Every structure is written in structure tokens, then in C-alpha cells.
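# An overview of the molecular structure
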Amino acid sequence: MGVREPIVVVLGHVDSGKTSLLDKIRGTFVAMREAGGITQHVGASLIPSQVIVDVAKTLNIRLEEKLKVPGILFIDTPGHEAFVNLRKRGGSIADFAILVIDILRSVEPQTVESLEILRVRKTPFIVAANKLDLIPGWKPQKTLSFMQSFAKQEERVKRVLDDHLYKIIGDLSMLGFRSDRFDRITDFRRNVAIVPVSAVTGEGVSEVIAVLIGLIQQFLITSLEYSEGPGRGVVLEVVEETGMGTTVNAVIFDGVLRKDDTIVLMGFNKPIVTKIRALLMPKPLDEMRDPRDRFNHVDEVRPSAGVKIVAPDLEGALPGSPILVATGNVEDAIQKIMAEVESIRIRSGEDGIVVKADTLGSLEAIVSELEKKGIPVRIGDIGPVSERDVIEASISSKDPTLRALLVFNVKIMPEAMEEARKRGVPIFENRIIYQLVEEFAEWRKREKQREIQTQLEQLVLPGKIRVLPNYIFRRSKPAIVGVRVESGGIKPGFPLMNLKGEKIGVIQQIQKEGKPVPKAEAGEEVAISIPEAVVGRSLKEDDVLLVDVPAKDASLINKVFKNQLAPHYLEALEEISGLKRKENPFYGL
């Protein structure tokens, strides 16, 4: 047994400064060499223990004897895409996360996305409130310490900084996270630490590392022990390399991975069994995707490590797939991989939507979000959207609001688009998982409401009206009278009865201010025409009339639509039911 490096992910909204912050920590200049300064690829960097010790010295903390971890393995992610692939059953292989928030912009859409995934994966994290140097009036100091720099700022600037931090604290609280500035926290188990930092000047970098290491050593050290057994890891990215063919960038979190080992991982359609030709490791403080020197060829890899695996048959390897070293019976390893992957891929055959995603990790995250909202999934799979997927979606449920496709980061084939158009299958796409699920849930809610409205339109709804004195416009054929709707509503075609239950006739037309209207509701005064009624005989001034609601319609309202109608409709139904039950005790039940 040994203690491995904690695996730390850096998450945050686009342009929040994730790569720049890592750059300051690593001392390399990857961000400057990338298009637009935005992370384009997944990378991993090892920060050795000596760097941590040196950083602690800037805060007058001596870590030499206290440091229990051999370093930190940073995964540099574009947003949260890599984090969702750092998955294992029941959680994440990432031990800790740094959530980078732009101090001036606070929580943004991808911040919410990251927080949701951190919550689901139960991954502890700190917040790096970046862009400290952009606080109006901030005077950068030649130090890596936030506290040392903060002490030299004007009081006005300190207050401005605190205002921005309180906005972040408030936004996080709305999302269910208690937080505060790191130096004001006494209980780190119950509060998320916020560290103000500048990726440009380096102020605060010391505290980011110190708080990170302090929390890991205090709460996570036992979980960092690893075995000497067969290696276990996860596929981060599948990469074509000149002269090597298809390679896999992987993170190893347990056991030992050796050159010539037989490994099993999941492909798009079936498990891949292959033999490792080469293991390539970046040097400490260098980047896997942007090395200044050649990769180091190594014979074995121990946790924690970001490693490039060169082996035959890696085409179609699935990002997010577990990697297992097969010792002895290869079939056992295949079964383990299949069981884990099949627990994420869904082919239930039951009512539900169809979901297509780019990786196992993103599929798992989407299905988890859907489950939280009570939305069932019939098919959840990896890869482009085919014509077959659309056909499946079109017959996936008796509920029309579930006959839909959710698509994340994969191509929709032209024939699939055409089939969706023909069959009327809605396709939802978004690059942010929680927004994708939210959009679908909102659409479904609207459609259900529309469906309910359509069904309600078919029913005779309850209503109570009073004939207004002095507003008799015509006595018969048809009788035309002015009425006030006292509760519920009326429409042309609704039958009316008096308070004795005697039939008066059917409303032919409703007019308001001389113009026909499709309905009238409680509080409105309108004129109605009733061909069967005769004023002075069946109808008098000041008479109260009720809509003669058929028993089946009353029953449906009580069982299905009660929550969809305003209280005044239910009051009218109560009065109608009281009258009708004198003849039929089961009316409306």
C-alpha cells in the first residue's frame, strides 16, 4: 500500500480563467499558446511535493515534515467535460475540485452545471474567485499571498472586494452551498472555502494550494491509499497521434499499469481487449498535450498518473470508460467492464425519452439530472443520432411529451433529421447538461398544459349565472337576456338548468359590447341567446341558472382536472353536484 497524489479537477465557466490559474501554479505558458486562451484539450499535470513545500514557505508555513501526499495531479478541463468522464461507480475518481468563478461576474451558467455535477458525484471543492486584479483600485503586490496583498490595499478597495465576495456567497447559498472567505471559516466540513486569486499577478495562488492541501490532508488522506494490484483507470480522451495511431489519454487511480499488460476497456459497440505497447508520461510540471520535450517512455505507472497508452485496436474507445488490467481470466475483466458500462447505457424497453451523448460520463450526468426531475429514459446511449434513434423516440411512450430526443455533443445524421421532421419528433440540443434537461422539462410542462387545455375544451365546465333585471332584449325564439357570471364560466353549447334542476335550454351565442365572444367567466356581464327559453314562462328576471354538467364530465373534473381549474369553477361544481345528487347520489364521483 502507498499514498497516491490526490486527483484535482479545475472547473468553471468559459473565460473564468481556469487554464491561466493552472498556468500560474505550473509555471508553464500553455494558455498563451492556445487559441483564444481557452482550454482546447484535456491535459494533466503533476505538481511535485517540493513545489507545494515552496509555496507554503511564502505563507511562512513549514510543510516538510507534515506533508503526507507526494504531490497533486491536476486535470485541466475545458469546462466540466473531462470531469464527467472522471467517473466510477457511485462517484468520481477526482478527489477534489477547484471551482473557478470570475469575481466580477459571480455564478454563471456553466458554474451552475459544474456545481450540480460536483453535488451528484459528491466531490469536495473550494472556490477560486479569480480576476482579483480587476477589482477597481486594486494595487497588485509582488507576492503570491492574498492575505499579504490584501493588508496593503485601501479600505475602500477592501470593501469593494467584500461586496463581490458577498454576491458569490449569496449566489452559492441560493444553490444550496454555504460558503465564506477561507480565513473566516472555522468549520470547513460545513462551509465551502472561497479564495480570492489573480491568475495574472499570482496573488492568492499560495492560499489556493495551502487550503487545498490542508483540506485534503485533514479529510481525505485515508482515501488516497492505493493497492499494488492490477491497474485501474479511466479513459479521459481518445487522441490520434502522428506515428502512433489512436492513443488513449487515461488517468490511473489504483493498482499498477505496466507495459505489455493486457487491458480491457469499452468501445462504442463492444469491449476492447488489447496489449499495451508503450506507456508515455509527461514530466512533472509539464503538460501532456503540450510538452516542451518528448514524452518519457516508462515501464510502469502507479497512481495517480495522467498517462498516454499506446496499443492496437483503440479506435472507437469510449471516453469515460473504465480501464482494467486483465490478470488471469480476461473474461472476468470483460464482465466487470460490461457490467459498469451497461449500468449507464439504458435500453429499458419501457416508456421514456431517448438520450444520445458523446461519452459515458455525460450520458450518466444527463440521466441523473432527468431522474431528479422524474423523467424516465427508454434508451440512453453513446454516438451520433441515427434514423433508428428517431424511430425509437417516435414510439417510445404512450405519453406524447416523452416522444422526444435529447442530444448532447454528438452529430445528428441527415437522414435522422429528415425522419424527425416527418414523424414530428422534437430534438433538443444544448452544450450545457442542466440547460438541456431544463429546456426539455420546460417544453414538456408547456405541452402537458396545452394537452390539459385541449381536453378541458372538450368538457362542459361548471358555471352559475344570474339574469340581470331590466336586461331582457328578446323574449323568445331565441330568448336574449343580459346575465352576470357569478362563478365558473359559460360557452356557446353549454346546457342550462334552474335551481330545481329543470332544463332551460342551450346557450346559442354569447355577446359582449355587441360582439360575439367564445366564453365568459366569473365577474363578467354579457348577453346570451337561448332558443328553447321563453322569458316570463321558463325564465324570469333575477333567476339563477346553473350549467347542466353531464355526470361523466363532472367525474373527470373531480378526478383529473381539479387542480387545473380556478376555485370559483369548483364552487359552481359543488352547487351543481348538490342539486344533481338528489336524483343521482353517485353524480360526479
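In what follows, the accompanying structure is described. Positions within a chain are numbered from 1, following the residues in the order the chain's sequence is written. Since the coordinates come from a predicted model, pLDDT governs what is reported: local features require at least 70, and pairs of side-chain atoms require 80 or more to be given and counted, while whole-chain, interface and lining totals use all residues. Side-chain calculation: all heavy atoms of the structure are included, whereas hydrogens and water are not.

A few words now on the sheet that holds strand β18 (residues 296-298). Across a sheet, paired strands are connected by hydrogen bonds in the backbone, their directions being either parallel or antiparallel. One open sheet accounts for eight strands, arranged β16-β15-β21-β12-β13-β20-β17-β18; its pairing is antiparallel. Where the open sheet ends on each side, the last strands, each with one partner, are β16 (271-275) and β18. Sheet twist, expressed as the mean angle between neighbouring strand axes with direction ignored, is 35 degrees. Bridging between strand β17 (residues 278-281) and strand β20 (residues 305-310) involves three bridges; their strand directions are antiparallel. Among the inter-strand pairings, Leu280 is bridged to a residue of β20, identified as Lys308. Two residues qualify as a contact provided that any one of their heavy atoms is within 4.5 Å of a heavy atom in the partner residue. The axes are straight lines fitted to the C-alpha atoms, using for helices just the contacting stretch, and the angles between their N-to-C directions are given from 0 to 180°. Where helices and strands are cited, they refer to DSSP runs of H or I of at least four residues and of E of at least two residues respectively, numbered from the N terminus. Across the sheet, helix α9 (residues 330-342) is in contact with β15 (262-266), β16 and β21 (322-325); its angle to β15 comes to roughly 25 degrees. Two strands are counted as paired when DSSP detects at least two bridges linking them.

Turning to the sheet that holds strand β23 (residues 353-357), a few remarks are in order. Within the open sheet, the five strands sit side by side as β22-β24-β23-β25-β26. Their pairing is mixed. Of all strands in the sheet, those bounded by a partner on one side alone are β22 (346-347) and β26 (427-429). Sheet topology places strand β25 (residues 405-408) next to β26; three bridges connect them, and they run parallel. When the sheet's bridge partners are listed, Val407 is paired in β26 with Glu429. Of the strands in this sheet, β22, β23, β24 (377-382) and β25 touch helix α10 (residues 360-372), which is tilted by about 150 degrees from β23. With respect to the sheet, helix α11 (residues 387-394) is in contact with β23, β24 and β25, its orientation differing from that of β23 by roughly 155 degrees.

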